[in-house]
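Residue-level listing of the chains:
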Amino acid sequence: MNPITIPFNRPCLEGMEMEHVSRAIRQGHASGDGPYSKQCQALLESILGVGKALVTTSCTHALEMSALLLNLGPEDEVILPSFTFVSTANAFVLRGARPVFSDVRADTLNLDETKLAALITPRTKAIVPVHYAGVGCDMESIGALAAQRGIPVVEDNAHGLFGRYRGRFLGTFGGLSALSFHETKNFSCGEGGALLINDPQFIERAEILREKGTDRSRFFRGQVDKYSWVDLGSSYVISDLLAAFLFAQLEARASIQAKRQRVWERYAQGLSGWARRTGARLPVVPPECGQSYHMFHVLLPTPERRDALLTHLRSRGMLGVFHYLPLHLSRMGRTFGGEPGQCPVTEDVSTRLVRLPFYNDLSEQDQDRVIAAVEEVGA
Ligand SMILES: *Cc1c(COP(=O)(O)O)cnc(C)c1O
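A. View of the overall build of the protein chain. The helix and strand inventory of the protein chain stands at 15 helices and 12 strands. Relative to a compact globule of 379 residues, whose C-alpha radius of gyration would be 21 Å, the protein chain shows 21 Å and is just as compact. Viewed in the frame of its principal axes, the protein chain has a C-alpha envelope of about 70 × 55 × 35 Å. Counting only contacts in the protein chain whose residues sit at least 6 apart along the sequence, the fraction spanning at least 24 positions is 69%. Accessible surface for the protein chain amounts to roughly 15600 Å². Of this, 54% is attributable to carbon and sulfur atoms. When the 40 basic and 41 acidic side-chain charges of the protein chain are each reduced to a single mean position, those positions are 2 Å apart.

B. Representation of the sheet that holds strand β10 (residues 289-290). Taken together, the 3 strands give an open sheet; going across it, the order is β7-β6-β10, and neighbouring strands pair in antiparallel fashion. A single partner strand is all that each edge strand has here, and the edge strands are β7 (168-169) and β10. Pairing between strand β6 (residues 164-165) and β10: 2 bridges, direction antiparallel. Across the sheet, residue arginine 164 finds its bridge partner in β10, namely glycine 290.

C. Broad picture of the pattern of salt bridges. Going through the model one piece at a time under the given rule, you end up with 23 salt bridges. Among the ionic pairs, glutamate 204 bridges to arginine 218, the shortest N-O distance being 3.3 Å. Highlighted residues: glutamate 204 in helix α7 (residues 203-210) and arginine 218 in helix α8 (residues 216-220), separated in sequence by 14 residues.

D. Main features of helix α10 (residues 253-270). An ideal rise of 1.5 Å per residue puts 26 Å on 18 residues; α10 measures up with 25 Å between its terminal C-alpha atoms. Within the sequence span of α10, burial applies to Ile256, Gln257, Arg260, Val263, Trp264, Arg266, Tyr267 and Ala268. Looking at the buried residues of α10, the elements they touch are α9 (240-251), α11 (272-278) and α15 (364-376).

E. Broad picture of the domain arrangement of the protein chain. In terms of domains, the protein chain is made up of domain 1 (17-251) and domain 2 (253-320 + 356-375). Contact between domain 1 and domain 2 buries roughly 1800 Å² in total, counting both sides, with carbon and sulfur atoms accounting for 56%. Of all residues in domain 1, Ala133, Val135 and Asn186 give up the largest surface area on contact with domain 2, accounting jointly for 28% of the area buried on that side. Counting every contact that joins domain 1 to domain 2 gives 0 salt bridges. At the boundary of domain 1 and domain 2, one finds 13 residue pairs in polar contact (both at pLDDT 80 or more). For the side of domain 1 that touches domain 2, the secondary structure elements donating two or more residues are α2 (35-48), β6 and α9. Looking at which element gives the most residues to the side of domain 1 that touches domain 2, the answer is α9, with 3 residues. Looking at side-chain class alone, the side of domain 1 that touches domain 2 contains 12 nonpolar, 9 polar and 6 charged residues.

F. Structural detail: the site of the ligand. For the ligand, the set of nearby residues contains 15 residues, the closest of which are Thr60, Asp156, His159, Ser180 and Lys185. In this structure, cysteine 59 approaches the ligand through a main-chain N or O atom, which is 2.9 Å from an oxygen atom. Note that an oxygen atom of the ligand is positioned 3.3 Å from one of the side-chain N or O atoms of lysine 185. Protein chains bury 92% of the 390 Å² of accessible surface belonging to the ligand in isolation. Placement of the ligand is best described as lying within the largest pocket.

G. Up close: the packing of helix α3 (residues 59-69) against helix α4 (residues 86-93). One can describe the packing of α3 onto α4 by two numbers: an axis separation of 8 Å at closest approach and a directional angle of 35°. Of the two elements, α3 crosses α4, and the hand of that crossing is right-handed. Residues Thr60, Leu63, Glu64 and Ala67 of α3 pack against Ser87, Thr88, Ala91 and Phe92 of α4. When its residues are assigned to classes, the contact of α3 with α4 shows 4 nonpolar, 3 polar and 1 charged.

H. The arrangement of the nonpolar core in detail. In this structure, Val78, Phe92, Leu176 and Leu195 are the most contacted members of the largest nonpolar core, which totals 31 residues. Residues within four places of valine 78 in sequence aside, it is in contact with Leu72, Phe92, Ala97, Arg98, Pro99, Val100, Ala126 and Val128. Grouped together as the second largest cluster of nonpolar side chains are 28 residues, Trp274, Ala280, Tyr293 and Tyr359 included.

I. Expanded view of the sheet that holds strand β4 (residues 124-127). In spatial order, the strands read β3-β2-β4; together these 3 strands make up an open sheet with parallel pairing. In this open sheet, the two edge strands, each paired with only one partner strand, are β3 (98-102) and β4. Strand-to-strand twist in this sheet, taken as the mean axis angle between neighbours without regard to direction, amounts to 30°. Taken together, the 3 bridges between strand β2 (residues 77-81) and β4 define a ladder with parallel strand orientation. Across the sheet, residue isoleucine 79 finds its bridge partner in β4, namely isoleucine 127.

J. A look at the environment of phenylalanine 92. Looking at the element boundaries, phenylalanine 92 is found in helix α4. Non-local contacts of phenylalanine 92, meaning those with residues more than four positions away in its chain, are made with Leu63, Ala67, Leu72, Val78, Ala97 and Val128.

K. Layout of the pairing of strand β1 (residues 52-56). Burial analysis of β1 places 5 of its 5 residues in the buried class, which makes it a mostly covered element. Of the two faces of β1, both are covered, the one formed by Lys52, Leu54 and Thr56 as well as the one formed by Ala53 and Val55.

L. Fine view of unusual backbone geometry. Although it is not a glycine, phenylalanine 162 sits at a positive phi angle of roughly 75°. A positive phi angle is found at arginine 166, which is not glycine, with a value near 45°. For arginine 166, the position within the fold is in the loop between β6 and β7. The class for arginine 166 is partly exposed, based on a relative accessible area of 48%.

Conventions we followed
- Residues numbered from 1 in each chain as written.
- Predicted model: local features only at pLDDT ≥ 70, side-chain atom pairs only at ≥ 80, totals over all residues.
- Heavy atoms only, no water.
- Helix = DSSP H or I, 4+ residues; strand = E, 2+ residues; numbered from the N terminus.
- Rg over C-alpha atoms; globule rule 2.2 N^0.38 Å.
- Contact = heavy atoms within 4.5 Å.
- Areas by Shrake-Rupley, 256 points an atom, 1.4 Å probe, with all protein chains shown as cover.
- Lys, Arg positive; Asp, Glu negative; His and termini not counted.
- Charge placed at Lys NZ, Arg CZ, Asp CG, Glu CD.
- Pairing = 2+ DSSP bridges.
- Salt bridge = Lys/Arg side-chain N within 4 Å of Asp/Glu carboxyl O.
- Expected span 1.5 Å × (residues − 1).
- Buried < 20%, exposed > 50% of the residue type's maximum accessible area, 1.4 Å probe, protein only.
- Domains from an automatic or database assignment.
- Buried area = accessible area lost by both parts, 1.4 Å probe.
- Polar contact = N/O pair within 3.5 Å; in protein donor to acceptor, adjacent residues only side chain to side chain.
- Nonpolar A, V, L, I, M, F, W, Y, C, P; charged D, E, K, R; others polar.
- Near = heavy atom within 4 Å.
- 1 Å grid on protein atoms, 1.4 Å probe; cavity = no way out; pocket = protein on both sides within 12 Å on 5 of 7 lines; lining within 4 Å.
- Sits in = over half its atoms within 2 Å of the grid points.
- Axes fitted to C-alpha atoms, helices over the stretch in contact; angles between N-to-C directions.
- Left-handed = near helix turned anticlockwise from the far one by under 90°.
- Core = buried A, V, L, I, M, F, W, Y, C linked by side-chain atoms within 4.5 Å.

See the structure below:
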């Protein structure tokens, strides 16, 4: 078997990362909430126009903070897509809440807003849309239904930073939103995340939960003369060394997004003929969505062709990867009543989907090799 020469993902530097990290070390503030964490937060707040951004150790932890902020517990239900990463569910399950799995739309693979009303019960305490591939969910319908029923919305925006829906940034619709800066995301510091707070009632308590349940943030602002244990909490602050790395990436957002847009559009153009010939489907981006160029996926006509494509890419030394296994059919998901047939679109697409190699510095030559290899497993 050929060695892998084109990985699925490769961490890419924009140039200023190491300089900022070494400055963070020289500044002598390596723990959380240092100058770089504050700069990342200020940048996110001003560009996105959110009331408060708190950088965290991960998106998973930002989601866990959301579950704490909403006081979720046993008997509570949280509606989320089955087609998502485990953390979207686990963050709420950790509090004892019950995940209620929704199917996704066949086009965008986002939470199907037409199925939502039927899943709401008096116990529904949150709706968690995931903007798959950074293409926005129908936030108009979801937001209207949630507002009408008085149910908070928590956006899992791990894929969609700087993507837009009807001109408005993803992550600014829910009362709370979570971002990921994991190595595989558009902007990365290895492991990291952020909680965006659009509903100001959550700000003060979020600061406390994130600082081990203490009012340390108030203390540093001089609002109290000593800090102490006031609430639940954990350690969700990110080291300022990582924040320094992240700041370099966020500052280079225009360059990163331009590179990713180029890769995405080259795949879309290069594979359109192949898709027409073979009945494969390329990503669908509705006109109201300004996507974040997070990934490029193709849906093969059958699971057998999907597996054949994965094997063929691997034999050519490149890595395509499948994506989410339906959460409702997982071992954990079944303990919450998940069963086959419950989310038919999710069950179908998860067997036919391949994500192609996608990273900022994917060269045109390498991308052409991927496109040629995909075309070889044609019709
Ligand atoms: C990556 C991802 C997460 C988790 O992000 P971490 O920062 O690794 O915790 C959560 N939800 C979705 C949809 C993701 O893709």
